[in-house]
Each structure stands twice: as C-alpha cells, then as structure tokens.
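# A look at the structure
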Amino acid sequence: MIKITNLEKFYRTEEVETIALNKLTMEVNTGEFVAIMGPSGCGKSTLLNILGMLDDPDEGSYVFNGIEVAHFNERKRADLRKHNIGFVFQSFNLIDELTVFENVELPLIYTGVTASERVKRVEEVLDKMQIMHRRNHYPQQLSGGQQQRVAIARAVVNKPKLILADEPTGNLDSSNGNDVMELLTDLNEQGTTIIMVTHSEHDARYSHRIIRLLDGQTVMENIMV
Amino acid sequence: MLKSFIKATFRSLTKNKAYSFLNIFGLAIGIACASLIFLWVENEVNYDSTHLKKDRIYLARENQKYDTYIFTHSSTPGVMGPAIQAELPGIANTCRSNEGTESLLFGAGDKPVFANGKYVEPSFFSIFTLPFVQGNPATAFKQLRSVVITQKTAKKFFGNEKNVLGKSIRVDNKQDYIVTGVLKDIPANSTIQFEWLMPFQIYWDKSPWLKSWGNNSLSTFIELKPGINPETLNKQLYGFIQKREPSSLGRVFLFSMNDWHLYDDFKDGFKTGGGQIEYVKLFTVIAWIILFIACINFMNLATARSEKRAREVGVRKVLGAGKGSLAMQFIGEAVFMSVMAAFFAVIIIALVLPAFNTLVQKQLVAGFDNPYHIIGLVAITLTCGLIAGSYPSLYLSSFNPVAVLKGLKLKDSGAAYIRKGLVVMQFTASVILIISTIIVYQQIQHVKSRQLGFNKDKLLEISLQGDMAKNFNAIKLDLLNTGYIQSVALSDHEIIYGGNNTSGLTWDGKPPGSEVLISQRYITPDFFDATGLKLIDGRNLTAMDTNSKPIAMIITQSMAKLMGKGSAVGKRVHGERDTTSAVVVGVVNDYVYGNMYGKPDPVMFFSTDPVHTTMMYVRIKAQKGIESSLTAVQDVLKRDNPAYPFNYRFVDDQFNQMFQSEMLVSRLSRVFSALAIIISCLGLFGLAAYTAERRVKEIGIRKVLGASVSGLAGLLSKDFLQLVIISCVIAFPVAYWVMQGWLKGYQYHIEIHWWVFLVSGLAAMFIAVATISFQAIKAALSNPVKSLRSE
Ligand SMILES: Nc1ncnc2c1ncn2[C@@H]1O[C@H](COP(=O)(O)OP(=O)(O)O)[C@@H](O)[C@H]1O
Ligand SMILES: [Mg+2]
C-alpha cells in the first residue's frame, strides 16, 4: 500500500537546517499494523504527516496505492486524503465548538455524504465506540479516554483504508490507553491498515511490526510474533 | 513603577507590531480627521469674532407678508437709519451702506483692475472693529472723493502697501479718488467683506430712489447702547415705517451679529434656528463618530487579544496585583497608544491640511502654537485613550488567575458579544454615511440637471462698463458679425438671481387683499432668443414698446395663470398706488431663478432703453467652440470699449456656484464615509486576523479532514458578514429617516430609491469581505501540520 524511497525532509529556520527525515526507505502493506518508535525529535511525526499527505517531502518518492504522490499539489493530496486516510492525534484535536456528533460528522460533510446517510453512519460508529450517550456533549465535558474514542470514531467514520495514529495513548492513563489499543486492533482485524507512532513498548506490542527511527533514519525493524 | 510600566507597554507595542500599527494608525486617522473638522468648526463658530462690539451690533431686517408666506428681506429704506437714531433712545449708532458690494474699475498704474467694495457712513469704522494701518477713521471720509482700502487691496492697486496714503486713483476712468486710509486685512471668516470703502454720500447722491420710505434697498447696521434689550427696540421698530408710509409691508426687526453667519435662516418671519449651524452640528457629530469608530477598533483588538494577555494577568494577580492597578495599567496602555496616535495625527494634519483647505475652501491653519489647539488636541487624545481603554481594562483585569493559569479556556462569550456589537456600530455608521453620500450626490446632480426654463449653457454674461450701453447697437452688430454669436441682449438683472420683486400690483379678477411677489425685468427684445426662453403666446417685445402707453409687457406662464383662465394676452395690470398700467402682449415659459430648489416665481418683462440696463447676454452659436468664441467676443469689446478690461461670466458657472454648501457637504461626506469605512476595516482586519489565529487549530483539523480552502475562507468570513448584514438592517431605516429629513429642506428634490440601500449594503459587504478574506485565505492556506504540532 505504501512504499517510500529515499524520503528527505528538511526544516530551515533562519540559520539552522534540521534534517527531519534522512533518506528514509520503508514499505507498509495493506492490512498491516505498524508501530513507529524512536526518541523525541527523531522525525516520527514528520514521517506520519508526510504519509498522511499533510506535508510534502523535499526529496524522494512516496507511492500510495501504486500512485506517486510526492509531488501532488495540495488539492489532489486533500482529495486523496479525505477518502483514504483517517487521523488520530495524541492531543485528540477535537473542535471545541462542536458537539461529539458534529465532530464525527465533519469528514462525511467534506466527502459530500448526504445528511441522512451521515446521521446513520455517525450513529453507527458512535455506537461501536460506545459513546452514543455522549453524542450531544462538547469535548471539554468528556474524559481523555472518551475524547480519544471520539477522535477515533471521527477517523474511521469515512471507512478509510489507512489510519495514522500519532501517539494515540500519549495523553491517556493505562486503562484508557488499553481500550484505545483494543479499538485499533479491532479495526486492523477488520482490514484497516494502521500506522501508529508510540513511545510505549507495551502499545507497540499490539502491532505486527516495529520500525525504529533515529535521526530521521530507520535503524531497526522488529517483526512481532 | 511608572518607568517599568512604560517599558512594559513599549515592549508589548513593539512585540506586536501589526496589532500596534492597526491601533495607532486607526486612532491617528481618527484623531487627525476629528481635529481637522474641529478646526473648521472653530473657524465657523468664530465668525465675526474680531468685531469687539459684536454683541451689540445688529442688522436691520424686514419681514414682508405676502399671500402665502412671509419673506424676510435684509434691506431697509434709505431714510430709516438717521430717523431711528434720532428717535429711538436705545440706539448708540447706525450706519447705512449699499447692500452687498459694488464692483468698480480702479486705475492706479498702467493696468486698471476691478475691485469690490461698499459705500458706508463714517460710523462704520466705530461700529465695526477695523484697525487702520495708515490714516485714521476720524479723517478718512472728510472729503467726498476718498477711498479706504485694505492692505491686500493696496498691494493689488499699487504693488505694495507702504505709503499709499494720499495717493490718487482713477475710478471707472472718470473720477480721481484719494486713498485716505489702509485697513488691516479682514479675516476670511468675517461676514462683512470688501476691498474698498467709500463715503456713503456718493452712493446717496447717485441713487435718488433711496429717499423714499417705500423703497427698501440699503443695509442698515445698528449699534445698541450697552444693556439695551433688542426686544424692546423690535417693538418700536415694528410699525416705524408704516408711520411714514402706511402702505409699506416692511416690519423692521434687529438681527444680531452673533447670528449673521450661523443662524441666517428664516421662515414665516422667524429665525428657524437653522442655517450654517446645521452643518457645524452635523460635522461635529461626524467627527465624534469617526473618533468613536477608531476607539472601537482599539477596544475590539484589545479584548480579542485578551487570551494572549490572560497569562500575564494571572501571573500578575498571583504576585499580588489588585484589580484596580491592573485596570490602571490597561487604561494607561490605551492612553499611551492614543498619545502615540496623536503624535502621528499631528503629522497627518500637517500633511493633509492644504488638501482639506481646498476641500472646504478655507485657509485654516493648524496653529500648533495656539494654546487652545494644544488643549483641544490633548483633550481629544485623552478622551480617546479613556474611551478606548475603559472596556478592555475592566474586562482584562477581571480574569480569574487560577483559571487562566491552568490554561482553561476563557469564557469569552460576553466579550465576544460586545465585540460584535461594537463592530455592528462601526458598520452601521459607515453604511449610513455611504447611503447619505450617495443621496446627497444624487440630489445635487438632480438639481444641476434641472430644466431651468432657459438655456444656461454657452450663455455669456458681461457687466456693462463704460459706454457699452450707449454703443450697444454697434457692439451687438460687431458681435453678430464675428459669426460666433447667435444673439445679444441686455437686461437690468442677472438672469439667475432673484431680486427686484414688487407686490403693489392688481388686475381684473385678482382677489382683494391678495399680495403676490412678482419680479420685474427690463430687457431688450432679443433677450428671449439669447437666453432661450420660449414665447408660447402672443408676440415678442420690440424696441417700439419701450415708451408705449399703456406699457407692453411679456409675462411668464405662472403669472398668466394668476391672471385667470384663457389667454392672458390683452389683459391689463395696474399699480395699486399709482396710475401705471401695463398690457400683456405675450407669454413666455416659466424659468427658475433665485432659489434653484424652489418653484419658478412669476416675472414681468418690459422693453427698455439700453442705458437702463446693467448686463449683456451673449448667446454663443451651438456649433461654435467656447474658446474661439470668447476670443472673438473679447476682440470686439477691446475695440468697442477699449478703456475697460474684458470681464465675463458663464451663466452655467454661476449656476454651479449656487450649490456651494451642498457641494461642500457632498465632498466632505464622501471623505468621511471613506474614512469611516477605512477605519472600520482596519479594525475588522485585526479582528479577522485574531479570529483566524484563535481558530487556527480548528482550521488545521478541518483541513486534515478534507475541508477546501474556499470552504474554510467562507467559514471564517461568514460570521463577520453576518455582522455587516445586521449593520445594514439597522442602518437602512436610520439613513432613510435622516436623509428624508434633509431632502425635505428642498422643494425640488429626488425620491430615495431602494437601490441606493442595496448598493450601499453590497458595497459595505464587499469591502468587508475583501478585508476579511485576506486573513481567511491566509489561514486556510496555512499548513495544518504546524498548527497541530502537539509538542
Ligand atoms: N515546523 C518545523 N520547523 C522546524 N523544525 C521542525 C518543524 N517540525 C519539526 N521540526 C524538527 O524536525 C525534527 C523532527 O520532528 P518531529 O517529526 O516532530 O519529531 P518526533 O519524532 O518527536 O515526532 C525535530 O528536530 C524538530 O525540531
Ligand atoms: Mg511527534
């Protein structure tokens, strides 16, 4: 599904140039559950953003489902993204001004799903995430675990083929964290490809494969049994 | 304490450059604009203030009652001044003079020049404060042929103003006069204006009609003794003329010099309280509105930014700062900003004052050394700072430190509503100004394109000088022979102005006791052809009609209507108090004169000998160019009337001149509404930036989820657009009501069209959207990765 080759990303600020990704090459197959680990600042989020087409690489190739997307323009990337990729963030990134229901509904609005169909699908996914009873609450009225479940609901409501999760348990206690990992595992078992950045060896164990990064390069890959 | 505060304020200003710029620039424009308006207001309010006896000086005016209205004249009988001074004990002094000014030709050097002046009695110098630079008031008018001039006139006549006393100057190529005094120049904001003064006796001697109590054609100025109530005099003046001339309609009363400039509007014989003062009030209000709009920017940006300051407030409170001291800090900041703004405003004022002077047609000086101006500027600045700082300081200083330090989201809704309300106020004011500007412009265009009844284009008006009247037939022939001229005629009055009304006329079928004001014009027969008036009944006048008995006359349609049904031709008009009688031989169409907004008043035309006329009208052929025709006319007059410089006016220019105050309002309202919308948009720009910044996370999330740039820009603009729409909803009825009131002041006026509102509303929305969309698109284009970085 994903094949990146010699991917490079630099950040230039006035005088310093940071190499966030340094000739990174990796591959992820459909249906895989991959964990990305590494010390802070090694380029994990940068990689995830590029995979999610939020950002474009400076050098190298990124082939998504057989299409070279490295130099897609913003519109094309957005188009590809909204139909194929769901995001889960460490800090949930729910919109405070919208209710749970409305937050989850957003991706469907942007992909042009009709109103009645939206209600059906949002309710379906809220049910699955067991937060149906909170549908009219605002994000601040929920616990961290609940917020992350809303975020995951929002990520999957469009039935994306790929979910990118950047430290999804980073702001959660271990029991809520485990719930989230169970959810992701379930999704993966139903066929969704998942790439997850994590600091936690415990969480990484839910995945099939761990890619370890250091200074923007792959240093090791572990296959889980 | 103060030092650390100023330091902190300055740091915060330089750290947020865009924010400071928007605030200071907006305030500076507001302060500069208000200051300029106040300069103008000061000039208007101080009219005539150089005259020390101002409170005791009056102009005698007359109410004359006609059938349908009372007309308030400003001229009085020539014999009245000395009579009231002798009989009424409250009067200290009187002075008679010709009304307005007279233009004479003065020849001092090689080139004779025209100058306007007045014939006055010597008491003029003691009633009005007119300092002599050379000569003195006691001796100035000892001799009959003397002339007192101003410094400016001295320069105009002699090239300099030194030692001109005793110099001789030839007037109208006939008579030599001696300069017996030089006066300090008259300030521009003085009602009494002249270039020269001559003894009243000269005017008296050449105007035999002045001696009758039934003739009203002079200005009579009156100085009351101190402590005299003008009302008691008004009672004595009311029947003063009637004791001498029972048939006179004139009821004299005193009109205070304090009211000459600002309150010179009469209706039904009473001051309406209106006049120029209405513009003074209007512009004062607008000045404050513009200042307030600028202050609103400050308030909005300050509270909008409050989240950024919340942390600071929290920390300061934890460290022991009280609410009061914090409030003082924020007010101090606002005052500091408005002081900075005032500094820039001074620069702006200095830069745009010349342009502003052109706009208002005055010679205002900034007068930064005038203590009143300094005090005024300081007052405006402090007011601005206090207004601008009031609300933000209360709002910011009331933050709960625990909540803000925990990073809890501030409950912003109260402030947000006030912010929205203030934006609505700004845009309401702006939209009202835009609508008013359009309507004022339409009204002026409406009147300017009014069918006057005569053709004012390519019509030349030349005052008769020297022997032009005597040689009229030759001049006329020469003019026609140039091939540029269609016709030439004479008249005793300027066609576009009113005046010379009479009411003592009667005719068969006229209701008894009815008084109608009818104007009389003495003309040569080509007058109708030259001016473009159309004969619609009967025949034209001929030279033969000049001395016919009964006198033949042509009347306008409205007069024909007054005289009853059927053709007016053959009907007769008689003087009520004498035996004169005139017969109607023709009727021409009505034409507008005097008041361009009024309805055409009736006119009678009589044929006259050229020597009794004062104006020549020259109609240029439609297909001929203006420039070449002028040259042709000039050549003829140079040849036929060589002693006088060629002096002419175009009637359409004179017509345009009659809209001075409306044009001023039109020009100023254009500037004010532009400024109001610019300042409002500066604020909107800042608010949009703030909103975009505050919603940056939301925008990022939406982008990640697939929102398009245009969708996001729309999302951000929508809220502001709503505010502008609300503003329109409020502004429309207010503007309608205000402008309907303004238009009521004019008989001939436009109807307000709905599309004016639509256009104004759309314009405001368009400008607002253009302002916001810059920020909105910028935010929508930004990379979501940055805003969502959680580390
Ligand atoms: N917008 C940016 N501007 C400059 N440097 C950045 C930016 N984003 C990330 N970096 C730098 O790139 C490197 C990789 O960052 P990131 O991918 O966020 O690391 P992490 O593995 O902790 O998620 C770090 O050194 C970081 O400082
Ligand atoms: Mg990271």
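Looking at an unreviewed UniProt entry, one finds chain B named FtsX-like permease family protein and attributed to Mucilaginibacter terrigena. Here chain B is described in UniProt, under the heading Subcellular location (unreviewed entry), as follows: "Cell membrane".

If you look chain A up in an unreviewed UniProt entry, it shows as ABC transporter ATP-binding protein from Mucilaginibacter terrigena. Recorded under Sequence similarities (unreviewed entry), the UniProt text for chain A is reproduced unchanged: "Belongs to the ABC transporter superfamily. Macrolide exporter (TC 3.A.1.122) family."

## Overview of the overall build of chain A
For chain A, the count of helices and strands is seven helices and 10 strands. Taken against the 2.2 N^0.38 rule, which gives 17 Å for 225 residues, the C-alpha radius of gyration of chain A at 17 Å falls within 12% of a compact globule. For chain A, the spread of C-alpha atoms along the principal axes amounts to about 45 × 40 × 35 Å. Intrachain contacts of chain A at a sequence separation of at least 6 include 68% that bridge at least 24 residues. Carbon and sulfur atoms provide 47% of the accessible area of chain A, an area that totals close to 10000 Å². When the 23 basic and 32 acidic side-chain charges of chain A are each reduced to a single mean position, those positions are 5 Å apart.

## Focus: the sheet that holds strand S9 (residues 209–214) of chain A
All names here are of chain A. Strand order in the open sheet made by the six strands is S6-S7-S8-S3-S9-S10, with mixed pairing throughout. Here the strands that pair on one side only, and so sit at the sheet edges, are strand S6 (85–89) and strand S10 (217–223). With direction set aside, neighbouring strand axes in the sheet form an average angle of 15 degrees. One ladder, built from four bridges, connects strand S3 (residues 33–37) with strand S8 (residues 193–197); its direction is parallel. By the bridge assignment, Val 34 is partnered in S8 with Ile 195. Contacts between helix H2 (residues 74–84) and the sheet are confined to S6 and strand S7 (162–166), with S6 contributing the most and set at about 80 degrees to the helix.

## Notes on the confidence of the model for chain B
Residues and elements named next belong to chain B. Put simply, chain B has an average pLDDT of 86, and 94% of its residues get 70 or more. Element-level mean pLDDT values for chain B span from 63 in helix H15 (residues 401–405) up to 96 in strand S11 (residues 196–199). Both confidence scores are given for the complex: pTM 0.74, ipTM 0.74.

## Quick notes on the pattern of salt bridges
Residues and elements named next belong to chain B. Applying the stated criterion to the full structure yields 31 salt bridges over all chains. Here Arg 170 and Asp 176 are joined by a salt bridge, their closest N and O atoms 3.2 Å apart. Taken together, the shared-partner salt bridges in this structure form one network comprising Arg 695, Glu 698, Arg 702 and Asp 719.

## Concerning the pairing of S8(A)
Residues and elements named next belong to chain A. For S8, a buried count of five out of five residues is recorded, marking the element as mostly surrounded by other parts of the structure. Of the two faces of S8, the one carrying Thr 193, Ile 195 and Val 197 and the one carrying Ile 194 and Met 196 are both buried. Of the strand pairs in this sheet, S7 and S8 are connected by five bridges, and their pairing is parallel. In the strand pairing of S8, Leu 164 is matched with Ile 195. Traced from S7 through helix H6 (residues 174–189) to S8, the parallel crossover comes out right-handed.

## Description of a negative patch on the surface
All names here are of chain A. Together, Asp 173, Asp 179, Glu 182, Asp 186 and Glu 189 line one region of the surface with negative charge. Within the secondary structure, Asp 173 is located in the loop between S7 and H6. The exposure class of Asp 173 is partly exposed, given its relative accessible area of 46%.

## Some thoughts on the environment of B:Ala366
Residue and element names in this part refer to chain B. With respect to the helices, strands and loops of the structure, Ala 366 is situated in the loop between helix H13 (323–360) and helix H14 (371–397). A relative accessible area of 15% places Ala 366 in the buried class. When the C-alpha positions of Ala 366 and Gly 159 are compared, they lie 29 Å apart, and in sequence the two are 207 residues distant.

## Considering the domain arrangement of chain B
The parts lose accessible area when they come together, and the size of an interface is often stated as this lost area. Residues and elements named next belong to chain B. Here the domain parsing of chain B yields domain 1 (2–43 + 278–446 + 660–788), domain 2 (54–260) and domain 3 (459–657). Spacing between the C-alpha centres of domain 1 and domain 3 amounts to 57 Å. On the domain 1 side of the interface with domain 3, the three residues burying the most area are Gln 660, Gln 747 and Tyr 748, jointly 65% of the side's total. Where domain 1 touches domain 3, the interface holds zero salt bridges. At the boundary of domain 1 with domain 3, the tally comes to three residue pairs in polar contact (both at pLDDT 80 or more).

## A short note on the environment of B:Arg145
Residues and elements named next belong to chain B. Tracing the backbone through its elements, the reader meets Arg 145 in the loop between helix H5 (137–140) and strand S8 (146–150). Residues Arg 145 and Gln 654, 509 residues apart in the sequence, show an inter-C-alpha distance of 33 Å. Filtering out sequence-adjacent residues up to four positions away, Arg 145 remains in contact with Gln 175, Asp 176, Tyr 177, Ile 178 and Ile 202.

## Some points on the packing of helix H22 (residues 660–694) of chain B against helix H25 (residues 754–781) of chain B
Residue and element names in this part refer to chain B. It is the contact of H22 with H25, at a shortest axis distance of 9 Å, that shows an interaxial angle of 30 degrees. Here H22 lies roughly parallel to H25, going by the angle between them. Helix-helix and strand crossings are classified by hand; for H22 and H25 the assignment is right-handed. Along its contact with H22, which presents Ile 677, Cys 681, Leu 684, Phe 685, Ala 688, Ala 689 and Ala 692, the element H25 presents Ala 764, Ile 767, Ala 768, Thr 771, Ile 772, Phe 774, Gln 775 and Ala 779. Of the residues that constitute the contact of H22 with H25, the class distribution is 13 nonpolar, two polar and no charged.

## Some points on the packing of H13(B) against H14(B)
Residue and element names in this part refer to chain B. Contact pair H13 / H14: the axes reach a minimum separation of 7 Å and the direction vectors enclose 145 degrees. The two elements H13 and H14 meet at a crossing, and its hand is right-handed. Contacts between H13 and H14 involve Lys 323, Leu 326, Ala 327, Phe 330, Ile 331, Ala 334, Val 335, Ser 338, Val 339, Ala 342 and Val 346 on the former and, on the latter, Leu 377, Thr 381, Leu 382, Cys 384, Gly 385, Leu 386, Ala 388, Gly 389, Ser 393, Leu 396 and Ser 397. Looking at side-chain class alone, the contact of H13 with H14 contains 15 nonpolar, six polar and one charged residues.

## Some points on the pairing of strand S23 (residues 572–575) of chain B
Residues and elements named next belong to chain B. Covered by surrounding structure in S23 are Val 573 and Gly 575 only, the residues Arg 572 and His 574 on the alternate face being uncovered. Here three bridges tie strand S19 (residues 505–507) to S23, and the two strands are oriented antiparallel to one another. Across the sheet, Trp 507 pairs through a bridge with Val 573, a residue of S23. When S23 meets strand S24 (residues 581–588), the two strands line up antiparallel, connected through three bridges. Its bridge partner being in S24, Val 573 is matched across the sheet by Ala 582.

## A look at the interface of chain B and chain A
Listed per partner, the contact involves 16 residues of chain B and 22 residues of chain A. Carbon and sulfur atoms supply 55% of the area buried between chain B and chain A, which totals about 1800 Å² over both sides. Of all residues in chain B, B:Val704, B:Leu705 and B:Val785 bury the most surface against chain A, accounting for 31% of the area lost on that side. There are zero salt bridges connecting chain B and chain A. For the side of chain B that touches chain A, the secondary-structure elements that each account for two or more residues are helix H23 (696–704) and helix H26 (784–788) of chain B. No other element matches H23(B), which puts six residues into the side of chain B that touches chain A. Residue classes in the side of chain B that touches chain A are distributed as seven nonpolar, three polar and six charged.

Reading the values: the criteria
Residues numbered from 1 in each chain as written. Chains lettered and ligands numbered in written order. Predicted model: local features only at pLDDT ≥ 70, side-chain atom pairs only at ≥ 80, totals over all residues. Heavy atoms only, no water. UniProt positions renumbered as here; feature names shortened; annotations may be inferred. Helix = DSSP H or I, 4+ residues; strand = E, 2+ residues; numbered from the N terminus. Rg over C-alpha atoms; globule rule 2.2 N^0.38 Å. Contact = heavy atoms within 4.5 Å. Areas by Shrake-Rupley, 256 points an atom, 1.4 Å probe, with all protein chains shown as cover. Lys, Arg positive; Asp, Glu negative; His and termini not counted. Charge placed at Lys NZ, Arg CZ, Asp CG, Glu CD. Pairing = 2+ DSSP bridges. Axes fitted to C-alpha atoms, helices over the stretch in contact; angles between N-to-C directions. pLDDT = per-residue confidence, 0-100. Salt bridge = Lys/Arg side-chain N within 4 Å of Asp/Glu carboxyl O. Buried < 20%, exposed > 50% of the residue type's maximum accessible area, 1.4 Å probe, protein only. Right-handed = clockwise from strand over helix to strand, strands pointing away. Patch = residues over 30% accessible without salt bridge, like charges linked within 9 Å, V, L, I, M, F, W, Y side chains within 5 Å. Domains from an automatic or database assignment. Buried area = accessible area lost by both parts, 1.4 Å probe. Polar contact = N/O pair within 3.5 Å; in protein donor to acceptor, adjacent residues only side chain to side chain. Parallel < 35°, antiparallel > 145°, perpendicular 65-115°, else oblique. Left-handed = near helix turned anticlockwise from the far one by under 90°. Nonpolar A, V, L, I, M, F, W, Y, C, P; charged D, E, K, R; others polar.

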